[in-house]
Amino acid sequence: MLLTGPEKTGKSYEAAKGSGSDLIGRTYWIEIGGTEGTADYYGRVPGADYEIVEHEGSYQDILDAIRWVNAQPRIDGKPNLLVIDSMTSLWDMLSDEIALFARNRAIRKAQRNRSRVPTLDDPVVVDSDLWNRAKDRWGAVLWMLRRHHGPCLLIARQEIVTAFENDKPTRNTTRKVKAEKNLPAAVDAVVELHSLGEAWLTGVRTLHMKIQPGETQRFPDFSVDSLLRRLGLQDAAETRSVSELRPDADLQEHGQETSQAEPRPATARQAPALTGAQAAGLIRDALMHPTEPETALRELRVEYGRRTLKAVHTDTGWGRMSADALITKSLDHLKEKADEAAGEHGDQPGEHSEPVGQAHDQQETTAADEPASLEEGTPPSDPAEEPPVPEQPEQPEEISEAEEPQDLPRPRPAQVNKANKVLAVLLTEAEIQARILGMTMQEHLEAVSGPDEGTPPPMTKLRKHVIDHRPAVIGLLEERGEREIANAYRLAGKPELKIARIFATLYTDLATVG
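Residues numbered from 1 in each chain as written. Predicted model: local features only at pLDDT ≥ 70, side-chain atom pairs only at ≥ 80, totals over all residues. Heavy atoms only, no water.

Participant: What exactly am I supposed to notice about the packing of helix H3 (residues 87–113) against helix H4 (residues 128–146) here?
Facilitator: When two helices pack together, their arrangement is captured by the angle between the axes and the distance separating the axes. Viewed as axis vectors pointing N to C, H3 and H4 meet at an angle of 150°, and their least axial separation amounts to 10 Å. In terms of their interaxial angle, H3 and H4 are classed as roughly antiparallel. In this structure, H3 meets H4 at a crossing whose hand is right-handed. Where H3 abuts H4, its residues Met87, Leu90, Trp91, Leu94, Ser95, Glu97, Ile98, Phe101, Ala102 and Arg105 lie against Asp129, Leu130, Trp131, Arg133, Ala134, Lys135, Arg137, Trp138, Val141 and Leu142. For the contact of H3 with H4, the class distribution of residues is 13 nonpolar, one polar and six charged. (Axes fitted to C-alpha atoms, helices over the stretch in contact; angles between N-to-C directions. Helix = DSSP H or I, 4+ residues; strand = E, 2+ residues; numbered from the N terminus. Parallel < 35°, antiparallel > 145°, perpendicular 65-115°, else oblique. Left-handed = near helix turned anticlockwise from the far one by under 90°. Contact = heavy atoms within 4.5 Å. Nonpolar A, V, L, I, M, F, W, Y, C, P; charged D, E, K, R; others polar.)

Printed below as a string of structure tokens:
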């Protein structure tokens, strides 16, 4: 159901009042847009009874919040109501996102051609492929809403705009929903609030009402409860069948693969259940990954979602905590072990001197670093209680002294370790820049990467590359209102060993030796 109308016509008020309907088991309210701020305020509306679902404001977290609501059970056999306030803010966010992508694309193109880089005041054309990307992400939200086994009330603003005829403006005006243009066609009912107390039913898909196609009816004494009853919610089935369109199916039938195809879940009825013991076992297996334990932990978080992991509690050597907190604790544990390994060579954390030589290998945390007494289903014990890691015996020389160049001294172990540390810090800063600039790590480092894929670029080129991109990143941070982070980044060292701490409020998944 779509509830739309101009500003201050009672859309959110009616949604809050409708949350107390006796046809509803539980109402979940997802508020999108920091300028609204109505969810807490309208909790005092007589009869209002809803739970505010919190999220971080990102697209993936909003999608995860909807996924979490879909997994909630019914209350006393009654369906749950999901309120999205507002769909206008969601579409505005997706539009701003592709505008940033278009500007970053124009900046990269200007840098490749060595031409003038566009400033914030210069207009940038948003290509059609970016609009298709925004529509795909919008469609993913609607697909997730269709999988909700209960009514969904979508709130959107409405604008009064000039009517066009033959691509020419007229003196007439019309009403237009301020969201993706196909939203009215995707819902079962559209109710327009022209003013306080004046509601019109402009479109409906139902067999419980006598209404002609294209007819607009006045809705006297409108309320969400009366709308649900007129649509026949009391007689509706518990679940409904939905099928997702898969344009990639024909390609897969011929044995071809498409990178944009996502695996479809086996059933759309319920989200996969996860117990505490299963979560602890999955985290333990990720920690025991032979080469990439940190990547395995992050992929586990992406697969199940933060909201699901926060609801699962585990008993561990660190005490009882949620599975999401256990993943965070395990990532911190891996980072501390890397810091301890760096400290064995006498490296000081506050040094900002230039590295000697070029790093050839990054530090890798393997399963051998974990305690041998790791119990089934539990994480490792507190790293502060672990015995010191014995130093590895010195490896024999592969070539003799006579075969080595005598005019260049070999780097000492401390120098090599310091170079590894600085390289890791520079790569972390490059990853932060790529996220803020709206591109992948590979795209960001394309200009300085070597011929071998996956090989880090030379340290001197990498250092100059990240320093050259700092002004653009600082400008985007200030544009987004992150002035404290922008000022701290402006005063950062070259390189900055504490780069992860500077951006800790934006990105909590950074793991570096800094």
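Participant: Teacher, can you tell me more about the pairing of strand E11 (residues 319–322) here?
Facilitator: Two faces, one strand: in a regular strand the side chains alternate between the faces of the sheet. Sheet analysis places strand E10 (residues 313–316) next to E11, joined by four bridges and oriented antiparallel. By the bridge assignment for E11, Thr316 is matched with Gly319. If you look at the hairpin formed by E10 and E11, you'll find two residues sitting between the two strands. (Pairing = 2+ DSSP bridges.)

Participant: Looking at this structure, I do not really get a negative patch on the surface. What am I missing?
Facilitator: On the surface, a cluster of negative charge is made up of Asp332, Glu336, Asp339 and Glu340. Looking at the element boundaries, Glu336 is found in helix H11 (residues 323–343). On the basis of relative accessible area, Glu336 is assigned to the partly exposed category, the value being 39%. (Patch = residues over 30% accessible without salt bridge, like charges linked within 9 Å, V, L, I, M, F, W, Y side chains within 5 Å. Areas by Shrake-Rupley, 256 points an atom, 1.4 Å probe, with all protein chains shown as cover. Salt bridge = Lys/Arg side-chain N within 4 Å of Asp/Glu carboxyl O. Lys, Arg positive; Asp, Glu negative; His and termini not counted. Charge placed at Lys NZ, Arg CZ, Asp CG, Glu CD. Buried < 20%, exposed > 50% of the residue type's maximum accessible area, 1.4 Å probe, protein only.)

Participant: Explain the environment of Ser226 to me, please; I cannot follow it from the model alone.
Facilitator: Summarising the element assignment, Ser226 is placed in helix H6 (residues 224–230). In this structure, the C-alpha to C-alpha distance between Ser226 and Ser21, residues 205 residues apart in sequence, is 9.2 Å.

Participant: It is not clear to me how the pattern of salt bridges should be interpreted in this structure. Could you clarify?
Facilitator: A side chain with one charge can pair with a side chain of the opposite charge if their charged atoms come near. For the structure shown, the criterion picks out 24 salt bridges. Between Arg116 and Asp122 there is a salt bridge, with its nearest N and O atoms 3.0 Å apart. For Arg116, a relative accessible area of 60% puts it in the exposed group. Measuring nitrogen to oxygen at the nearest pair gives 2.7 Å for the salt bridge that ties Arg435 to Glu431. In this pair, Arg435 and Glu431 are both assigned in helix H12 (residues 413–437), four residues apart and thus about one turn of the helix distant. Three or more residues joined by partner-sharing salt bridges are found here, namely Asp22, Asp225 and Arg229.

Participant: What exactly am I supposed to notice about the environment of Leu63 here?
Facilitator: Mapped onto the fold, Leu63 is located in helix H2 (residues 59–70). Accessibility expressed as a relative area gives 8% for Leu63, which makes it buried. Sequence separation between Leu63 and Leu142 is 79 residues; the distance between their C-alpha atoms is 9.9 Å.

Participant: I tried to follow H2 on my own but got confused; where do I start?
Facilitator: For the α-helix, the turn length of 3.6 residues means that residues three or four positions removed from each other point alike. If you check H2, its first and last C-alpha atoms are 17 Å apart, about what 12 residues at 1.5 Å a residue would give, namely 16 Å. Among the residues of H2, Tyr59, Asp61, Ile62, Leu63, Asp64, Ala65, Ile66, Trp68, Val69 and Asn70 are the ones counted as buried. Elements in contact with the buried residues of H2: strand E2 (27–31), strand E3 (51–52), strand E4 (81–85), H3, H4 and helix H10 (306–311). (Expected span 1.5 Å × (residues − 1).)

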